[in-house]
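The primary structure of each chain is shown beneath.
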Amino acid sequence: MTDRKDEIAGNLAKVERRIAEACAAAGRARDEVTLIVVTKTYPASDVRILAELGVRHVAENRDQDAAPKAAQCADLPLVWHFVGQLQTNKVRSVVGYADLVQSVDRARLVTALSREAVRAGREIGCLVQVALDAEESAPAPGVGGGSREGRVSTGGRGGVAPAEIGELADLIARSPGLRPAGLMTVAPLAGAYAGRPRAAFDRLMDLSTDLRRAHPAATMVSAGMSADLEDAVAAGATHVRVGTAVLGVRAGLG
Ligand SMILES: *Cc1c(COP(=O)(O)O)cnc(C)c1O
């Protein structure tokens, strides 16, 4: 094995153990949780190594990087997840390689995804991204110059308030070429759930239960990253999205 393959194999084994231990602690079967490796900022050669090591799900957050990478890896048996904020002018490109878009957060994006999925003859699984920092948190006195009210900024990371999930999921279900697949969140850095990933993921599970009443097939609950995957598995997540712990600390933004 190359040095890089050795390194990734070692990291993967550690992450696999963390997931297995978290499943055991929660009384869950290991196969209830799918590992998605977030390959953003890392080259196609790493994606190839991951596939050789048995990884089947990868995620990217920027179309500019993801599109060429996915094209170079088109021969690999991988499911591609898109997890970044998505502008409608990138939708045609993303629909060309992504099997699932986890960051669906507005009606206009659903309309664009549907149009391009139909055009490409593809079916795209859509997860509604939930912003848990948008609820239940009044602005702290004296913070932010007193100008913020009610809805706390999501820090530019996207997502809808919990109250908006149902309407967006209904729209996805009505849209040709799309299917509602579940919910995704990122542990909030602000608001009532800041620093409380387990509470945030428990809340996401409750929202998933509500969603599945109307859309029984929308079973995916995507939560947990390198730092908090145990909390996500304990809460009941079906998918964890792990970058750093498998591929290393990313240089710069991303
Ligand atoms: C980068 C990213 C991850 C992975 O984060 P790590 O801390 O590197 O594991 C997960 N989800 C999303 C949406 C991301 O952008």
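Keep in mind it's a predicted model, so treat the numbers as computed, not measured.

A. Broad picture of the site of the ligand. Contacts to the ligand come from eleven residues, most closely from Lys 40, Ser 226, Gly 243, Thr 244 and Arg 250. Contact between the ligand and Ser 226: an oxygen atom at 2.5 Å from a side-chain N or O atom of the residue. Taking Thr 244, its side chain carries an N or O atom lying 2.5 Å from an oxygen atom of the ligand. Its free accessible area being 390 Å², the ligand has 88% of it covered by the protein chains.

B. Examining the nonpolar core more closely. Counting residues in each nonpolar core, the largest one holds 70 residues, and the members touching the most others are Val 101, Leu 113, Val 240 and Val 246. Excluding anything up to four places from it in sequence, Val 101 contacts Phe 82, Leu 86, Val 94, Leu 113, Ile 124, Gly 125, Cys 126 and Leu 127. Listed in part, the ten residues of the second largest apolar core include Val 38, Ala 59, Val 83 and Ala 181.

C. Fine view of helix H3 (residues 63-72). Within H3, the full set of buried residues consists of Asp 63, Ala 66, Lys 69 and Ala 70. The buried residues of H3 occupy an angular sector of 140 degrees when the element is viewed end-on, so they sit on one face. Residues of H3 that are exposed and angled more than 90 degrees away from the buried face: Ala 71 and Gln 72. Buried positions along H3 lie against helix H2 (44-52), strand S2 (57-60), strand S3 (79-82) and helix H4 (91-95).

D. Region of the structure containing the side chain of His 81. You can see His 81 is positioned in strand S3. At 3.0 Å, the side chain of His 81 forms a polar contact with the side chain of Gln 102. Apart from the residues within four sequence positions on either side, His 81 is in contact with Ile 36, His 57, Val 58, Ala 59, Glu 60, Leu 100, Gln 102 and Met 220.

E. Representation of the pairing of strand S6 (residues 178-185). A large share of S6 lies buried, amounting to seven of its eight residues. As defined by bridge partners, strand S5 (residues 124-130) adjoins S6 across seven bridges and the pair is classed as parallel. Across the sheet, Leu 127 pairs through a bridge with Gly 182, a residue of S6. By the bridge criterion, three bridges tie S6 to strand S7 (residues 220-222) in an arrangement that is parallel. Each bridged residue has a counterpart across the sheet, and for Gly 182 the counterpart in S7 is Met 220. Note on the crossover from S6 through helix H7 (residues 197-214) to S7: the handedness is right-handed.

Rules used in this analysis
- Residues numbered from 1 in each chain as written.
- Predicted model: local features only at pLDDT ≥ 70, side-chain atom pairs only at ≥ 80, totals over all residues.
- Heavy atoms only, no water.
- Near = heavy atom within 4 Å.
- Polar contact = N/O pair within 3.5 Å; in protein donor to acceptor, adjacent residues only side chain to side chain.
- Areas by Shrake-Rupley, 256 points an atom, 1.4 Å probe, with all protein chains shown as cover.
- Core = buried A, V, L, I, M, F, W, Y, C linked by side-chain atoms within 4.5 Å.
- Buried < 20%, exposed > 50% of the residue type's maximum accessible area, 1.4 Å probe, protein only.
- Contact = heavy atoms within 4.5 Å.
- Helix = DSSP H or I, 4+ residues; strand = E, 2+ residues; numbered from the N terminus.
- Arc of directions from axis to C-beta.
- Pairing = 2+ DSSP bridges.
- Right-handed = clockwise from strand over helix to strand, strands pointing away.

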